[in-house]
Amino acid sequence: MADIYSPSWYDAVRDTINSKVADISDVPDGGFTVAVDIQGDGASPYFPAGGARHFLIRIDDGRCEWYREMDSTEAGTFDHDEPLDYRFIGPATVFDDIAAGLRDPIDAALGGQVKVRGDMRFLMRQAEHVQVLLEAYTNGVSTDWPQGRPPYGPNGSESAGA
Amino acid sequence: MRSDYDAIIIGGGHNGLTLGSYLARSGLDVVVLERRHEEGGGLCTEELTLPGFLHNVHANYHTFVDLAPPVTDLEVRSHGVEYVRPEVQMASIYDDGTALVVHRELDRTCESIARFSEEDAETFRRLNTEAHGYVDLLLGTLMYQPPMSVKELTKALAMFGVEGRSEFLGVKLRRETINQFLDQHFTHPKVKAHLAFHGAVCGYTNDVPGLAIGFPLLIGKIDNWHICVGGSHRLAHGLWRDLAQHGGTLISDAEVDHIVVEDGRAVGVTLASGEELSARKLVASTLDVEQTFLRLIDPDAVPAELRTRVANDVKHKDWTLFSVHLAMSAAPEYAAAEFDPDVNRAWVVNLGYASTDDLDAEWQRIRRGELPDPRPNAAVNSLYDPTDAPPGHFTGLLRQFAPFSLAGTGPGGWEQAARWYGHRCIEAWRRYAPNLTDDVILDWAPFTPLEISQKMVNMVGGDWMMGEISLDNMLDQRPLPELGQYRTPVDGLYMAGSTQHPHGYITFGPAYNALQIIAEDIGLAPWWRKI
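Residues numbered from 1 in each chain as written. Chains lettered and ligands numbered in written order. Predicted model: local features only at pLDDT ≥ 70, side-chain atom pairs only at ≥ 80, totals over all residues. Heavy atoms only, no water.

Student: Any chance you could break down the overall build of chain A for me, citing the residues and the numbers?
Tutor: The secondary structure content of chain A amounts to six helices and seven strands. Secondary structure elements in chain A, listed N-terminal to C-terminal, are β-α-β-β-β-α-β-α-α-β-α-α-β. Taking 2.2 N^0.38 as the reference for a compact globule, 162 residues should give roughly 15 Å; the C-alpha atoms of chain A span a radius of gyration of 15 Å, in line with that estimate. Expressed along its principal axes, the backbone C-alpha trace of chain A runs to roughly 45 × 35 × 30 Å. With 162 residues in all, chain A has 49% of them scored as buried. Within chain A, contacts between residues separated by at least 24 positions form 67% of all contacts whose residues are at least 6 apart in sequence. (Helix = DSSP H or I, 4+ residues; strand = E, 2+ residues; numbered from the N terminus. Rg over C-alpha atoms; globule rule 2.2 N^0.38 Å. Buried < 20%, exposed > 50% of the residue type's maximum accessible area, 1.4 Å probe, protein only. Contact = heavy atoms within 4.5 Å.)

See below:
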């Protein structure tokens, strides 16, 4: 078990992706870089209201090669060492819910709770691989919720506990 | 006149100007060539009636504002372009004096629909809410990217299980008409008629199989209709300013006689005046495919099969628009205001289509070349943009769905029909708004389908979408599969006008998507891709 959003949790997500990718038939060649902007919304205890955390993830030949957290200055620019291919933006409670398996990530994108920027053609053409990435994030690892587990009540005060 | 450029763009409509601006901002030496005396194409605003009355001769409805990337990328608002989004967007007025009103605010629209059917109001709320959730995602996927195939899209939708997640989206929609979609989800004929009418004014005919797939997206922008303040031409002028500020050149009165092709590559153009301009990197045509491949290019420069297919297989819309532009001393006061006072504040009003059967019958008549009993839609821009008329006065625009070629007399029949049919359209409006007496209507001018094709020659047969809107003429099939990715069989020649995906309307989409292909081919860094 790893604490949500801790380095060991992300390592577990990465390892899960890479183990599942081996099972799919149509692993895309080449790579892409994804930024994820998680915005504090006052409900998630893991992000200060108005604050944000930003992550950069690199996928090559279907595998997660690396990830790292960015500071807000870097996240606000588009000038990374690697050109950015996608950006996912959404409130912390939505990402928390997805990680807890309470909200489907495709539903979140279709519902506009998570905004997706980038060339959707590649994601559409690699739907099977994208499903693996999403499943790893959603259900792939055992997660501890040291500051409470979603669903959260107003202002995070009614946390259901870890 | 200088004679050599990096990029030559044929056609100074909004797509030509948009592509020109992006390329100029990318550091290319760009010229945009426009046949007419001014830029803009369908973004054409003229004093057709009396001095001070600014009439949008063609494009009037701006529905992609803040949805289309070029609006922000090219900073159009910094170039004197201002939009207003009317509080009361659209209404349908029915013969029994009732009215359905679409507001900017969803709650108010639902209240109006609920007067006909509470169930339909709740369905509309769910549809609108769902569509607003994915409108950005779908527009980014479907409109502002070079197109995928229907097969690829269908496969992806199935993989992501969209059908099971959405009440309204689904793979089966690619076989269904908008009528079928409406019959499945809505109950009241007037509600269905209004939504079908909205589809029609967006170019999506309600009885054409397959168009249901785009309908949820149309609902996603049903409340995003904008007026370009001071007339639609202001947008064209703003785009021109952006082009000029970034070093590009627009030349008006510059009709292209032919595209120069050497060793299979487009290397320039010759103007009707005889001047020759050379293009170091590319030539892009925003004209119709017929002009581009049958008139402007030497027959030996393109495969004979393509010329044959352009001549025979390019599909055009089977209905067009007859317009009446009016100068008025008062705004319409509808009798239906007794039922809902907000109809008098509605920017666009559909007069009289009370069921999808009404609309279907209209399409049948029009396809036979018959003139319908007028049931025009009426727009009064001055309600929200007082700058388009002298103080205390109003411009009006009546639009009637109509055939291009009249039974018996052909397109030329419009020359005889224009005045009397225009008069009938005004009479039809007056039945719903009795205050619009002859004293109030100070002057009026018809604008016929024939004139559309003469003034905006790209719009072949008055085809204001520059290509049929049907499933087999969408995405990578538009206008022909071999031209569906903006490239042509001639190296360095691109298609970037509304013949291409997504389609006509002020979408900026064809230019924006052609830009992606051009950038890939000539190695431009996509500064505009703000991920």
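Picking up where we left off.
Student: Please provide a residue-by-residue account of the confidence of the model for chain B, values included.
Tutor: Predicted confidence across chain B gives a mean pLDDT of 96, with 100% of residues reaching 70 or more. In the model output, the complex is listed with pTM 0.94 alongside ipTM 0.85. (pLDDT = per-residue confidence, 0-100.)

Student: Please give an account of the packing of aromatic side chains that cites residues and values.
Tutor: Any pair of aromatic rings gets described here by the distance separating the centres and the angle formed by the planes. Per the stated rule, a full pass over the model turns up 34 aromatic pairs over all chains. With a centroid separation of 6.3 Å and an interplanar angle of 50 degrees, the aromatic rings of B:Phe197 and B:Phe401 are classed as tilted. Residue B:Phe197 is located in helix H8 (residues 189-201), and its partner B:Phe401 is located in strand S16 (residues 394-402); the two are separated by 204 residues in the primary sequence. By the burial criterion, B:Phe197 is buried, and B:Phe401 matches it. Within the aromatic cluster, the residues linked to one another by ring pairs are A:Tyr5, A:Trp9, A:Tyr10, A:Tyr46, A:Phe47, A:Phe55, A:Tyr67, A:Tyr137 and A:Trp145. The lysine or arginine in question, B:Lys221, covers the ring of B:Tyr505, its NZ or CZ lying 5.9 Å from the ring centre. (Phe/Tyr/Trp six-rings, centres within 6.5 Å; stacked < 30°, edge-to-face > 60°. Lys NZ or Arg CZ within 6 Å of the ring centre and 35° of its normal.)

Student: Let's hear about empty space enclosed by the protein: which residues, and what values?
Tutor: Over the atoms rolls a probe the size of a water molecule, and in doing so it shows where empty space is left. Applying the stated criterion to the full structure yields six cavities of 30 Å³ or more. The calculated volume of the largest cavity comes to roughly 830 Å³. Lining the largest cavity are 37 residues; nearest its centre among them are A:Phe88, A:Pro105, A:Val130, A:Leu133 and A:Leu134. Residues belonging to the lining of the largest cavity are distributed by class as follows: 35 nonpolar, one polar and one charged. Along its surface, the second largest cavity is lined by 47 residues, and B:Gly41, B:Gly42, B:Met456, B:Met459 and B:Met466 are the ones closest to its centre. Those elements giving two or more residues to the lining of the second largest cavity turn out to be helix H1 (14-25), H8, helix H11 (289-295) and S16 of chain B. Its residues assigned to classes, the lining of the second largest cavity shows 22 nonpolar, 18 polar and seven charged. (1 Å grid on protein atoms, 1.4 Å probe; cavity = no way out; pocket = protein on both sides within 12 Å on 5 of 7 lines; lining within 4 Å. Points joined across faces, edges and corners; volume = space filled by probe spheres on them. Nonpolar A, V, L, I, M, F, W, Y, C, P; charged D, E, K, R; others polar.)

Student: So what's going on with the nonpolar core? Which residues, and what values?
Tutor: Most often, soluble globular proteins have nonpolar side chains that are buried together. All names here are of chain B. Residues Leu23, Phe401 and Trp429 are the most contacted members of the largest nonpolar core, which totals 199 residues. The leading source of residues in this core is helix H4 (residues 118-143), at ten residues. Non-local contacts of Phe401, meaning those with residues more than four positions away in its chain, are made with Phe197, Ala200, Val201, Trp319, Thr320, Leu321, Tyr353, Leu359, Trp363, Ile366, Pro372 and Asn377. Of all hydrophobic cores here, the second largest spans 29 residues; its members include Ala266, Leu271, Leu306 and Val314. (Core = buried A, V, L, I, M, F, W, Y, C linked by side-chain atoms within 4.5 Å.)

Student: An account of the layout of surface pockets is needed here, citing residue identities and associated values.
Tutor: Each pocket or cavity is described by its volume, and for the second largest pocket that value is around 190 Å³. Taken together, A:Asp26, A:Met124, A:Arg125, A:Gln126, A:Ala127, A:Glu128, A:His129, B:Glu152, B:Lys155, B:Ala156 and B:Met159 make up the lining of the second largest pocket. Breaking the lining of the second largest pocket down by element, the ones donating at least two residues are helix H5 (120-125) and helix H6 (127-139) of chain A together with helix H5 (150-159) of chain B. Looking at the lining of the second largest pocket, the element that brings in the most residues is H5(B), giving four residues. Looking at the lining of the second largest pocket, its residues break down into four nonpolar, two polar and five charged.

Student: Just give me the short version of the pairing of strand S13 (residues 320-328) of chain B, but keep the residues and values in it.
Tutor: All names here are of chain B. Across the nine residues of S13, nine count as buried, placing the element largely inside the fold. Direction of pairing for S13 relative to S16: antiparallel, over a ladder of nine bridges. Bridge pairing links Thr320 to Ala402 in S16. As judged from the six bridges shared by S13 and strand S17 (residues 441-447), these two strands associate in the antiparallel manner. From the neighbouring strand, Met328 faces S17, where its bridge partner is Ile441. (Pairing = 2+ DSSP bridges.)

Student: Could you give an account of the interface of chain A and chain B, with specific residues and numbers?
Tutor: Facing 26 residues of chain A, the contacting portion of chain B comprises 18 residues. Interface area, chain A with chain B, both sides summed: about 2100 Å², of which 66% is carbon and sulfur. In terms of surface lost to chain B, no three residues of chain A exceed A:Leu110, A:Arg121 and A:Met124, which account for 35% of the buried area on that side. One can count four salt bridges joining chain A with chain B. One salt bridge connects A:Asp107 with B:Arg165, and the closest N-O pair in it is separated by 3.5 Å. Counting every contact that joins chain A to chain B gives six residue pairs in polar contact (both at pLDDT 80 or more). Of all elements in the fold, only strand S5 (86-91), helix H4 (105-110), strand S6 (115-118), H5 and H6 of chain A reach the threshold of two or more residues within the side of chain A that touches chain B. The element contributing the most residues to the side of chain A that touches chain B is H5(A), with five residues. Residue composition of the side of chain A that touches chain B, by class: twelve nonpolar, four polar and ten charged. (Buried area = accessible area lost by both parts, 1.4 Å probe. Salt bridge = Lys/Arg side-chain N within 4 Å of Asp/Glu carboxyl O. Polar contact = N/O pair within 3.5 Å; in protein donor to acceptor, adjacent residues only side chain to side chain.)

Student: For the sheet that holds S13(B), give the residues involved together with the corresponding values.
Tutor: Residues and elements named next belong to chain B. Spatially, S7-S6-S14-S15-S16-S13-S17 is the arrangement adopted by the seven strands of the open sheet, whose pairing is mixed. The sheet is open, and its two borders are formed by strand S7 (99-103) and S17, each paired with just one other strand. Averaged over all neighbouring strand pairs, the angle between strand axes comes to 20 degrees, with direction disregarded. Docked against the sheet, H8 engages strand S6 (88-93), S7, strand S14 (348-351), strand S15 (377-379) and S16, running at close to 125 degrees with respect to S6. (Axes fitted to C-alpha atoms, helices over the stretch in contact; angles between N-to-C directions.)

Student: Which residues make up the pattern of salt bridges, and what values do they have?
Tutor: All names here are of chain B. In the structure shown here, the tally under the stated rule is 41 salt bridges over all chains. Residue Arg25 pairs with Glu75 through a salt bridge whose shortest N-O separation is 2.8 Å. A residue pair is termed long-range when its members are at least 10 positions apart, and Arg25 in helix H1 and Glu75 in the loop between helix H2 (69-73) and strand S5 (83-84) qualify at 50 residues. The class for Glu75 is partly exposed, based on a relative accessible area of 42%. Among the ionic pairs, Asp373 bridges to Arg424, the shortest N-O distance being 2.8 Å.

Student: Any details on unusual backbone geometry? Residues and values, ideally.
Tutor: For the bond running from A:Pro150 to A:Pro151, omega is 15 degrees, close enough to zero to count as cis. With respect to the secondary-structure elements, A:Pro151 resides in the segment after strand S7 (143-144). For the bond running from B:Arg478 to B:Pro479, omega is -5 degrees, close enough to zero to count as cis. Residue B:Asp263 is not a glycine yet carries a positive backbone phi of 50 degrees. Exposure remark for B:Asp263: the relative accessible area of 84% places this residue in the exposed category. We note that B:Tyr505 has phi near 85 degrees; this positive angle belongs to a residue other than glycine.

Student: Just give me the short version of the side chain of B:Asn56, but keep the residues and values in it.
Tutor: Residue and element names in this part refer to chain B. Within the element layout of this structure, Asn56 appears in strand S4 (residues 55-56). Residue Asn56 is classed as buried on the basis of its relative accessible area, which comes to 5%. For Asn56, the side chain forms a polar contact with the side chain of Thr45, separated by 2.7 Å. Within the local environment of Asn56, its side chain forms a polar contact with the backbone nitrogen of Ser232, the two atoms lying 2.8 Å apart. If near-sequence neighbours (up to four positions away) are discounted, Asn56 is found in contact with Cys44, Thr45, Gly231, Ser232, His233, His325, Asn381, Leu397 and Arg399.

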